[in-house]
Amino acid sequence: MKAPSFDDILEAQTRINEIINQTPFLYSPVLNDIMGANIFIKAESLQPRGAFKIRGAANAIFKRKNEALLNGVIAYSSGNHAQGVALACKYIGAKATIIVPKDVPLAKLKPAQDDGAEIIFYDRKTESREEIGANLQKQTGAILVPPYDHPDVIAGQGTIGLEIANFATNNDIKFDYVVTPASGGGLASGIGIALKELSPNTKIIISEPEGYDDMALSLDAGERKRIKDINYPSLLDALQAPIPGEITFEILKEIGARAFPISDNEALRAVKFAFENFHLVLEPSGASSLALVMENKIPAKNNNICIIASGGNIDIQVLQKALMLS
């Protein structure tokens, strides 16, 4: 499969408009004073089911609506993509089957079940979700909607880039950086395609978990690199891909994206800051790009920066842990 085009993203915007929110750009004088920058938070945690994933899931499913209604949809996910697929399927009346790791936070799983999805658990240490999904697809004829490495999913996530460019134009801003989390890279690459067309001088910066810095390693090497120790613990559970996607990596390499790791504690500090200063509930993965800026891992001072707050599906215990940090 090849990368989606800018026109594919425009088509996705029209296709999914009825199910997504035009999420706001939040501004905090406190954060700007601390960083000496002009920063806006794109609050994708306010999407239906609490994450940006609804965009790519809905685009892939709505584009093949008749097939989805006939044979159902299969997806694999650590939680947020599962919820997006389940909701999109419920919206059109299709059956959803989601392959989910056993250690997924319950806050991310219950909404998918409530939307009628069938859940199949797997062990991410010993089993391959891709193999399980492929086998189920052969048995059922269902369409497979992967979480990131698919042109329709990438195009759906790229609609965020259209909204960023539109906001910048309406507010006479030229963003120097868009900072976004990445697991396999669907979100970052989709935004990258849109901004390459509409704001080519804007740089894409990626946050990812310590121990799962496959995107940083790959971009530095110029080729896809796999993380060998997939047993490394991380609260950034939505970003634990061992290797970038094939399609997504080529896009990100071409546009000159860069990636940097974030620790659990750095992410938790960002969760607390977002809660206290933006009144925004973020999961550690969703707060990782804010953490990247707050921890001075990119040159923020005197720059215009858009930070993607990608998701807010956090267990209450993790939120409490974040809020208790000194």
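That block above? That's the structure.
Residues numbered from 1 in each chain as written. Predicted model: local features only at pLDDT ≥ 70, side-chain atom pairs only at ≥ 80, totals over all residues. Heavy atoms only, no water.

**Details of helix H3 (residues 53-63)**
Now for step 1: For H3, the tally of buried residues reaches 10 of 11 residues, placing the bulk of the element in the interior.
Now for step 2: Among all positions of H3, only Lys53, Ile54, Arg55, Gly56, Ala57, Ala58, Asn59, Ala60, Ile61 and Phe62 are buried.
Now for step 3: Buried positions along H3 lie against helix H1 (6-16), strand E2 (38-43), helix H4 (65-71), strand E3 (73-76), helix H5 (80-92) and helix H8 (151-170). (Buried < 20%, exposed > 50% of the residue type's maximum accessible area, 1.4 Å probe, protein only. Helix = DSSP H or I, 4+ residues; strand = E, 2+ residues; numbered from the N terminus. Contact = heavy atoms within 4.5 Å.)

**Observations regarding the sheet that holds strand E5 (residues 118-122)**
Now for step 1: What the 4 strands build is an open sheet, ordered E5-E4-E3-E6; its pairing is parallel. Looking at which strands have only one partner, the edges of the open sheet turn out to be E5 and strand E6 (143-144).
Now for step 2: In the sheet, E3 pairs with E6 via 2 bridges, with the strands oriented parallel. Counterpart to valine 73 in the pairing with E6 is isoleucine 143. (Pairing = 2+ DSSP bridges.)

**Here's the deal with the sheet that holds strand E10 (residues 304-309)**
As a general point, the strands of a sheet are linked pairwise by backbone hydrogen bonds and lie either parallel or antiparallel.
Now for step 1: Read from one edge to the other, the open sheet built from 6 strands follows the order E1-E2-E10-E7-E8-E9, with strand pairing classed as mixed. The sheet terminates laterally at strand E1 (25-27) and strand E9 (258-262), the two strands that pair on one side only. Recorded for the sheet is a direction-independent mean angle of 25 degrees between the axes of neighbouring strands.
Now for step 2: In the sheet, strand E7 (residues 177-181) pairs with strand E8 (residues 203-209) via 5 bridges, with the strands oriented parallel. Considered in E8, the bridge of valine 179 is made with isoleucine 205. (Axes fitted to C-alpha atoms, helices over the stretch in contact; angles between N-to-C directions.)

**Some points on helix H10 (residues 214-221)**
Now for step 1: For H10, the complete set of buried residues consists of Asp214, Met215, Ala216, Ser218 and Leu219.
Now for step 2: Structurally, H10 contributes buried residues whose contacts are with E8, helix H11 (246-255) and E9.
Now for step 3: Looking one or two residues past H10, glycine 222 carries a phi angle of roughly 80 degrees, positive in sign.

**Considerations on the packing of helix H12 (residues 264-278) against helix H13 (residues 284-294)**
Now for step 1: Between H12 and H13, the shortest axis-to-axis distance is 7 Å and the interhelical angle comes to 95 degrees. As judged from the angle between their axes, H12 and H13 are roughly perpendicular. Contacts from Glu266, Ala267, Leu268, Ala270, Val271, Phe273 and Ala274 in H12 reach Pro284, Ala287, Leu290, Ala291 and Met294 in H13.
Now for step 2: The residue inventory of the contact of H12 with H13, partitioned by class, reads 11 nonpolar, no polar and 1 charged. (Parallel < 35°, antiparallel > 145°, perpendicular 65-115°, else oblique. Nonpolar A, V, L, I, M, F, W, Y, C, P; charged D, E, K, R; others polar.)

**Examining the pairing of strand E4 (residues 96-101)**
Now for step 1: The buried fraction of E4 is high, at 6 of 6 residues.
Now for step 2: The two faces of E4 match: Ala96, Ile98 and Val100 on one face and Thr97, Ile99 and Pro101 on the other face are all buried.
Now for step 3: Bridge count between E3 and E4: 4 bridges; the pairing is parallel. Residue valine 73 lies in a different strand from E4, and its bridge partner there is alanine 96.
Now for step 4: Pairing of E4 with E5, which is carried by 5 bridges, proceeds in the parallel orientation. Bridged to isoleucine 99 within E5 is isoleucine 120.

**Remarks on the side chain of threonine 180**
Now for step 1: Its place among the elements puts threonine 180 in strand E7.
Now for step 2: The class for threonine 180 is buried, based on a relative accessible area of 0%.
Now for step 3: The residues contacting threonine 180, other than those within four sequence positions of it, are Leu187, Ala188, Ile191, Ile204, Ile205, Ile206, Ser207, Ser289 and Ile308.

**Observations regarding unusual backbone geometry**
Now for step 1: With phi around 70 degrees, arginine 49 is a residue other than glycine that occupies positive phi space.
Now for step 2: Turning to its location among the elements, arginine 49 is positioned in the loop between E2 and H3.
Now for step 3: Residue arginine 49 is classed as partly exposed on the basis of its relative accessible area of 31%.
Now for step 4: At asparagine 302, a residue that is not glycine, the phi angle is positive and equals roughly 65 degrees.
Now for step 5: Note that asparagine 302 resides in the loop between H13 and E10.

**Re the environment of serine 77**
Now for step 1: Mapped onto the elements, serine 77 comes out in the loop between E3 and H5.
Now for step 2: A relative accessible area of 2% means that serine 77 is categorised as buried.
Now for step 3: Beyond its immediate sequence surroundings of up to four residues, serine 77 is in contact with Ala82, Ile98, Ile99, Val100, Pro101 and Arg129.
Now for step 4: There is a polar contact of 2.8 Å between the side chain of serine 77 and the backbone nitrogen of glycine 79.
Now for step 5: Looking at serine 77, its side chain comes within polar contact range of the main-chain nitrogen of histidine 81, at 3.3 Å. (Polar contact = N/O pair within 3.5 Å; in protein donor to acceptor, adjacent residues only side chain to side chain.)

**Side note on the side chain of glutamine 157**
Now for step 1: Within the element layout of this structure, glutamine 157 appears in helix H8.
Now for step 2: Excluding anything up to four places from it in sequence, glutamine 157 contacts Phe52, Lys53, Arg55, Gly56, Pro147, Gly186, Leu187 and Ile191.

**A closer look at the environment of asparagine 277**
Now for step 1: Locating asparagine 277 in the fold gives a position in helix H12.
Now for step 2: For asparagine 277, a relative accessible area of 27% gives the class partly exposed.
Now for step 3: Separated by 247 residues in the primary sequence, asparagine 277 and valine 30 place their C-alpha atoms 7.6 Å from one another.
Now for step 4: When sequence neighbours within four positions are dropped, the list of residues in contact with asparagine 277 reads Ser28 and Val30.

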